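A structural walkthrough
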Amino acid sequence: MRTGRWQPWLFVGPALIIIAFFLVYPTVMTIVRSFFGRGQELFGPNVQFVGLANWKYVFTSPTMLLALRNNAFWVVMFTFFTVTFGVLLAVLLDRVRYERIIKSIVFVPAAISYVGASIIWKFVYAYRAEGLPQIGLLNAIVVALGGKPVGWLIERPWINNICLIVVGIWIWTGFCMVIFSAAYKNIPRALLEAARIDGATEWQVFRKVTLPLLGPTIAVVATTMVVQVLKVFDIVFVMTNGAYGTEVIANRMYKEMFNFFNYGRASAIAVVLLFLIVPFMVSNLRRFTQQGVTR
Amino acid sequence: MTSWRSVLARIPLHVVIIAFALLWLLPTLGLLVTSFRTPSDIFGSGWWTVLAHPFDFRQYTIQNYIGVIYRQGLGRSFLNSLLISVPATFLSAFVAAFAAFAFAWMEFPGRRALFMLVVALMVVPLQMTFIPILPIYRRLHLSGTFPGIWLAHTAYGLPLTTYLLHSFISNLPKDIFDSASIDGASPLRIFFHIVVPVSVPALASVLIFQFLWIWNDLLVALIYLGATPNVAPVTLTVANLVTNRGQNWELLTAAAFVSAALPLVVFFSLQRYFVRGILAGSIKE
């Protein structure tokens, strides 16, 4: 399309200016800031160069090591279950007539906020002392089965973290299911039928035909899930605020920033988050940019 | 032709599916039921006891909703959420559409590199941006204001929205632009009279996406509006309610439902576009 010399810049200009100010400049400055101490204004009188002190804190302090460990646990559990449930639901729901309604039910959490979902689950996990009527669904089941009520969000180190991760899985499974379902329905039915006619069991069809064909989609979705979960914040902030050994990187960064006003440490933590995300995003981005400018 | 055998063989399938459905449905149902119960009922018995006599309407109350909307400030916050998300959604979609159009159809130096840069910025977690921006925002008196958060949301959404719109707009047939150009239409005219109308499906997906994302956002609001309660969106007010009134389930459940009401309406009425947007962002057509 023919345009004047300046016209293209009028169109891309607003986006580029906004991106330069809100994404490019801060990214550079946050990296620089991670080598400076507490205080807010980088070039203010009280902010000193501290070398690698913040980085030492990030990789050696018990608080941060716990957060890093928890994030790793989140990545493994959350990614495994969202992807597995997503594939499972996509394949199973294709075989029943009430597919649409179930899909809507599982997909709904994608529309509501983490805050809303956190309250929903906080109530499921509600704990009351033995003898009082249990009002949380989970403890009611435990007590009905003859057990003692459990403080789900307090019980460390694994139970409370798993309970938080369940909330994430509940929110994101529908998203995975929708994508896998579209990919599954793109697989030519004749291919699956041919395998069945050759005498393959349903499990074999799934293992040898469906799963390999879904492979590229699974890779993309799993990567997207990893990136999402590395940044996990809201669920932890609302449900435990990192107490009882449930701290995660993003929540720690927020605390350093707003509770302790240590912008230096907070910057270093943010940079860690960036470095953790980059390798996972690169594979997805490569695919993005391949589709990029073609003309 | 269905034999008993094949019906029996399918029972496990149905059991698994129903189990999933219950797991996804029951927590939300519990929230909904509880939000209509009196505090003494809530703490006296589990919400599921209502299911024994669900149509006995004397047991329900809307006092919890009145409480959160008027006394806990959720009514004001709901309005704030609208005032934040609607302008921010349109602003980001239009800035992105402008850029996507230029990246797809105009010639200018650095086009390819700049487009790659914009898309590549998807890797940047929001956490990387707060610390340098916040002092500037304070100095410009933008923190605690609607324009401040509109701009922030627009920026944070741009990499993805520009990418999504670009992949749609760049696939439009070349002829429509050529003939319009020959007719002497300016790029601005072409944008508003051709690109926008034919891109409605893609724009709808992006708008819904952005709207839900901004409406449901907590982190960006905490950073830029956290210190100013009278501009707080619902997510922020509800999160504060959890901190301050953590055991008042009658308030928390009603508040959570108020915060979810509009996204649910949008979701159920426009699910098609929402799904399309998700698919456009994740699998290559």
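Residues numbered from 1 in each chain as written. Chains lettered and ligands numbered in written order. Predicted model: local features only at pLDDT ≥ 70, side-chain atom pairs only at ≥ 80, totals over all residues.

Quick look at the overall build of chain A
A tally of helices and strands in chain A yields twelve helices and zero strands. Going from the N terminus to the C terminus, chain A shows its helices and strands as α-α-α-α-α-α-α-α-α-α-α-α. The buried share of chain A, reckoned over its 295 residues, is 45%. In chain A, the proportion of contacts linking residues at least 24 apart, taken out of those at least 6 apart, comes to 64%. (Helix = DSSP H or I, 4+ residues; strand = E, 2+ residues; numbered from the N terminus. Buried ≥ 20, exposed ≤ 12 C-beta atoms within 10 Å, placed from the backbone. Contact = placed C-beta atoms within 7 Å.)

So, the interface of chain B and chain A
Think of interface size as the accessible area that goes away when the parts come together; that is how it is often given. On the chain A side, the residues contacting the 86 residues of chain B number 82 residues. Of the residues forming the side of chain B that touches chain A, the biggest block, 14 residues, is contributed by helix H2 (residues 11–35) of chain B. Partitioned by chemical class, the residues of the side of chain B that touches chain A number 64 nonpolar, 19 polar and three charged. (Nonpolar A, V, L, I, M, F, W, Y, C, P; charged D, E, K, R; others polar.)

A closer look at the packing of helix H3 (residues 62–93) of chain A against helix H9 (residues 202–230) of chain A
All names here are of chain A. Between H3 and H9, whose axes approach to 9 Å, the crossing angle comes to 140 degrees. Of the possible angle classes, the one that applies to H3 and H9 is oblique. For the crossing formed where H3 meets H9, the hand is right-handed. Along the contact surface, H3 presents Asn71, Trp74, Val75, Phe78, Thr79, Thr82, Val83, Gly86, Val87 and Val91, while H9 presents Phe206, Thr210, Leu214, Ile218, Val221, Ala222, Met225, Val226, Val229 and Leu230. When grouped by side-chain class, the residues that make up the contact of H3 with H9 number 15 nonpolar, five polar and no charged. (Axes fitted to C-alpha atoms, helices over the stretch in contact; angles between N-to-C directions. Parallel < 35°, antiparallel > 145°, perpendicular 65-115°, else oblique. Left-handed = near helix turned anticlockwise from the far one by under 90°.)

Thoughts on helix H13 (residues 234–244) of chain B
Extensive coverage of H13 of chain B is indicated by the burial of eight of its eleven residues. Listed as buried for H13 of chain B are Val234, Thr235, Leu236, Thr237, Val238, Ala239, Leu241 and Val242 of chain B.

Notes on the confidence of the model for chain B
Residues and elements named next belong to chain B. Scored by pLDDT, chain B comes out at a mean of 89, with 98% of its residues at no less than 70. Highest mean pLDDT in chain B belongs to helix H5 (residues 74–105) (94); lowest belongs to helix H9 (residues 174–182) (78). For this predicted complex, the interface confidence comes out at an ipTM of 0.90, alongside a pTM of 0.91. (pLDDT = per-residue confidence, 0-100.)

Section: helix H4 (residues 99–107) of chain A
The set of residues buried in H4 of chain A consists of Ile102, Lys103, Val106 and Phe107 of chain A. Down the axis of H4 of chain A, the smallest arc covering the buried residues is 130 degrees, so these residues share one side. Exposed side chains of H4 of chain A directed beyond 90 degrees from the buried face belong to Arg100 and Ile101 of chain A. Lining the buried residues of H4 of chain A we find H3 and helix H7 (159–186) of chain A together with H2 of chain B. (Arc of directions from axis to C-beta.)

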